[in-house]
Amino acid sequence: MDIKDRQIIRELQKNGRLTNLELAERVNLSPSPCLRRLRNLENAGVIKGYTALIDQKAYGVPLTVFVSLALEKHSKETVRSFEEKVDEIDAILDCFLTTGEADYMLRVVVPDLEVYESFVRKELHALPGIRSIDTKFAYSVVKSTHVYPDAK
């Protein structure tokens, strides 16, 4: 991937609805080579898909919760089972394997505290092999972007 490919990606991260002509103009290419590069990025799996960015509050899930989880043990079966179950829970938008005291960090969205309590009791407590759960509530968003920094 070269600088031009990265420019294409950054422009699409800013606005995924650009036409090929608009994209080509923004990255200073003619339309045919721009489209060829775009298709190559898609075929290589660099561009995994396209989606709409939705206002979380307007959608009805204004509360963001970061949940740190530690597992009791780290056997293949426990980890596999845990990760499969996490993948099935819609309220969990992201699940990261982390270092430190917690094994996983989840980003969860819910409508309110009452729903979060139910989520903890019915969904999180049902996950296999959990040793501890630590919750942090986000009460404001300072920065949120989907545009990656320039890779140097």
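Structure: see above.
First, a word on what this report is: a plain description of the structure on this page.

Criteria and cut-off values
Sequence order as written defines the numbering, with residues in each chain counted from 1. Only residues with pLDDT of at least 70 are given local features in this predicted model, and only at 80 or more are side-chain atom pairs given and counted; all residues enter the totals for whole chains, interfaces and linings. Heavy atoms from the whole structure form the basis of all side-chain values; hydrogens and water molecules are not counted. The way it works is that DSSP assigns letters per residue, a run of H or I at least four long becomes a helix, a run of E at least two long becomes a strand, and they are numbered from the N terminus. A radius of gyration in this sense is built from C-alpha atoms; the matching globule rule multiplies 2.2 Å by the number of residues raised to 0.38. Relative accessible area decides the class of each residue, using a 1.4 Å probe on protein chains only: under 20% of the type maximum gives buried, over 50% gives exposed, and in between gives partly exposed. Whether two residues are in contact is decided by their heavy atoms: any pair within 4.5 Å suffices. Only the protein chains shown count as covering a residue, and every accessible area follows the Shrake-Rupley method with a 1.4 Å probe. By definition, a salt bridge exists where a carboxyl oxygen of Asp or Glu is found within 4 Å of a side-chain nitrogen of Lys or Arg.

## Digging into the overall build of the protein
Next, step 1: Within the protein, the secondary structure is distributed over six helices and four strands.
Next, step 2: At 20 Å, the protein has a C-alpha radius of gyration far larger than the 15 Å of a compact globule built from 152 residues.
Next, step 3: Judged by the C-alpha coordinates and their principal axes, the protein covers about 55 × 40 × 25 Å.
Next, step 4: Looking at the protein as a whole, 28% of its 152 residues are labelled buried.
Next, step 5: Within the protein, counting contacts between residues at least 6 apart in sequence, those at least 24 apart form 63% of the total.
Next, step 6: As presented, the protein carries roughly 11000 Å² of accessible surface, and 51% of it is formed by carbon and sulfur atoms.

## Some details on the pattern of salt bridges
Next, step 1: All told, the structure shown has eleven salt bridges when counted by the stated rule.
Next, step 2: Residues Asp94 and Arg107 are paired through a salt bridge, measuring 2.6 Å at the closest nitrogen-oxygen approach. Placement of Asp94 in strand β2 (residues 92-97) and of Arg107 in strand β3 (residues 104-110) is noted, with a sequence separation of 13 residues between them.
Next, step 3: The structure contains a network of salt bridges with shared partners spanning Asp2, Asp5 and Arg37.

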